[in-house]
Amino acid sequence: MSNQSNTATFDAERVRADFPILHQDVNGHPLVYLDNAATTQKPRAVIQAIVDYYEQDNSNVHRGAHALADRATEKFEGARVKVAGFINAAEPRQIIWTRGTTEGINLVASSWGRANLSSGDRILVSAMEHHSNIVPWQLIAAEKGAVVESIPVNAEGAIDLAAFESMLDDRVKMVACGHVSNAFGTVNPVQDIARLAQGVGALTLIDGAQAVGHWPVDVQALDCDFYVFSAHKLFGPTGLGVLYGKTALLEAMPPYQSGGEMIESVSFDGTTFNQLPYKFEAGTPDIAGVIGLGAAIDYVQGLDRDGAAKHEAALLAYAEERAKATPGIRLVGTAANKTSVMSFLLEGAHPNDVGLLLDQQGVAVRTGNHCAQPIMEQFGIPGTVRASFSFYNTRADVDRLFEALDKARQFLV
Ligand SMILES: *Cc1c(COP(=O)(O)O)cnc(C)c1O
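Nothing here was measured: the structure is a model prediction, and the numbers come from that model.

Caption draft 1: Layout of the pattern of salt bridges. Counting across every chain of the model gives 23 salt bridges. A salt bridge links glutamate 103 to arginine 99, with the shortest nitrogen-to-oxygen separation between them at 3.9 Å. When its relative accessible area of 13% is taken as the criterion, glutamate 103 is described as buried. Relative accessible area serves as the criterion here: at 60%, arginine 99 is assigned to the exposed category. A salt bridge links arginine 122 to glutamate 149; the shortest N-O distance between them is 2.7 Å.

Structure representation (C-alpha cells):
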C-alpha cells in the first residue's frame, strides 16, 4: 500500500487553510476533527457567501419586484443549477430543496407512498440503514398496510446482494438504501441494486448523505429514481437538503406540504398546484442556506476531486493498518469497498468512555449507535467509536488519534 504516492498529489495542508474552525485548541490541544460523517466543516467561501447574502442581497425570492429580490432569486436558482450539474441531473427542476436527507426521505415516503402503496406491498431497506431511511417507511407502511423488510448485511458490514435478489418479487414497490453506510463506511452497490429493483418494477431511493462529500455522484448513471443528501455533510450549512427525483415520478406525486409558493391558483372551489420544483417547496425557503450550498459546490468542484478521493482512501488505509497493528482494537465494518469511515471498539472499554478521553486530548470522534440501532443489535454491540475523514484530514491527524487512544487505554484497561 503506497500511501505516500497517493497523498503526494493532494495538498491537504493547503486545503486546511480554507477552514477557519480547524485552527483552534480544544482542551489544550490542537483540534483533530474526525467527526466528518456527522457533519463537515465549512470553508471560508461558504461562510462568506452567507454573510454576503445577508449584508447585500437579503430579500424574499421569486415574488419581488425590486433589485434585491432579483439578485436573491438569481443566486437561489443559480444554486439549483449548480446542484443539478453536481449530481448530473438532466434538469434543474428535478432538484427539490428540503431541510435535509431526513426530510427528503419523509417527502418521498409520504407523497409517493401515500399515492402508490397498498396492502401487502413490500418496502426493502438495508439492515444497516440510518434511522431516517427506516422510520419514514415504517410509518407509511403502517398507514397503507405495507411491510418493511430488511436486506441482509453480512459480518463485514456489506449487503448480501444474492439475498437481496432472492427477496425481489412484484410486491416490492420501493427499495431504499444508503449509498455509503454512516456506521461503517461501506460503499453499497447501488447501481446493481437499482437495476435489480427495476427488474421487478420497484423504485429505488438512494440515501447519498455519506457519498456526495467524497467523490462525484452521477444520478443518471446510477439510474435510481430518487437520491437525497444534506448540505451540511457537503461542506454547506445545516438545515438544508436536496431531493433529486425522476421528472415523471415527481410530476405525478401529490404535494407534501402546502401553503405559499407551491400553488398555481387558490380558490375556495379548488386549488391548483405550481409546477416542479415549486410544487414541493411550500413557504419561504432557506435562501441563505441554498446560496451557501451553491458556494460549497463551487468550492468542492474547484478541488482536485480525484486527488481528494485518493487522499481520503489513503488516510483510511493508513488508519486501518495502524488499528490492525494495535492490540485491543477491533474494527467493525470491514467490507472490501469502503470510504472514509473507521468504526472500532477498544476491548474492555465502552465507546462513550473512549470518546470522552479522546476529546480531552483534542480529538473529536463520534461514539454510539450512529442512528443505526438495528445493525448494532445484529452485531451484538452497543455502538462503536467512529473516526470519519474528509479531504482536510492528514496522516498527522491519524497519528494523533492513535497517540490519544494509547493514552486512553492506560486509563480504561
Ligand atoms: C446524516 C445522515 C442522515 C440524516 O441526515 P440529516 O442531515 O440529519 O437529515 C441520513 N442518512 C445518512 C446515511 C446519514 O449519514
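Back to the text.
Caption draft 2: Looking closely at the site of the ligand. For the ligand, the full set of nearby residues is Gly100, Thr101, Thr102, His130, Ser132, Asn182, Asp207, Ala209, Gln210, Ser230, His232 and Lys233. At 2.8 Å from an oxygen atom of the ligand is found a side-chain nitrogen or oxygen belonging to histidine 232. In the model, an oxygen atom of the ligand is placed 2.7 Å from a nitrogen or oxygen of the lysine 233 side chain. For the ligand, whose free accessible area comes to 390 Å², the fraction covered by protein is 84%. In the shell around the ligand, the residues fall into one nonpolar, nine polar and two charged.

Caption draft 3: Quick look at the UniProt feature "domain: Aminotransferase class V" (unreviewed entry) in the protein. With numbering matched to this structure, UniProt assigns "domain: Aminotransferase class V" (unreviewed entry) to residues 32-401. The straight-line gap between the two end C-alpha atoms of residues 32-401 is 8 Å; of that span, 39% is helix and 18% is strand.

Caption draft 4: Highlighting the sheet that holds strand β7 (residues 172-178). One open sheet accounts for seven strands, arranged β4-β10-β9-β8-β7-β5-β6; its pairing is mixed. Each of the sheet's edge strands pairs with one partner strand only, and the pair in question is β4 (95-98) and β6 (147-151). The mean angle between the axes of side-by-side strands here comes to 20°, regardless of whether they run parallel or antiparallel. As paired strands, β7 and strand β8 (residues 203-207) are joined by five bridges and run parallel to one another. Counted as the bridge partner of methionine 174 is leucine 203 from β8. Lying over the sheet, helix α5 (residues 101-116) contacts β4, β7, β8, β9 (226-230) and β10 (241-245), oriented at roughly 150° with respect to β9.

Cut-off values and rules
- Residues numbered from 1 in each chain as written.
- Predicted model: local features only at pLDDT ≥ 70, side-chain atom pairs only at ≥ 80, totals over all residues.
- Heavy atoms only, no water.
- Salt bridge = Lys/Arg side-chain N within 4 Å of Asp/Glu carboxyl O.
- Buried < 20%, exposed > 50% of the residue type's maximum accessible area, 1.4 Å probe, protein only.
- Near = heavy atom within 4 Å.
- Polar contact = N/O pair within 3.5 Å; in protein donor to acceptor, adjacent residues only side chain to side chain.
- Areas by Shrake-Rupley, 256 points an atom, 1.4 Å probe, with all protein chains shown as cover.
- Nonpolar A, V, L, I, M, F, W, Y, C, P; charged D, E, K, R; others polar.
- UniProt positions renumbered as here; feature names shortened; annotations may be inferred.
- Helix = DSSP H or I, 4+ residues; strand = E, 2+ residues; numbered from the N terminus.
- Pairing = 2+ DSSP bridges.
- Axes fitted to C-alpha atoms, helices over the stretch in contact; angles between N-to-C directions.
- Contact = heavy atoms within 4.5 Å.

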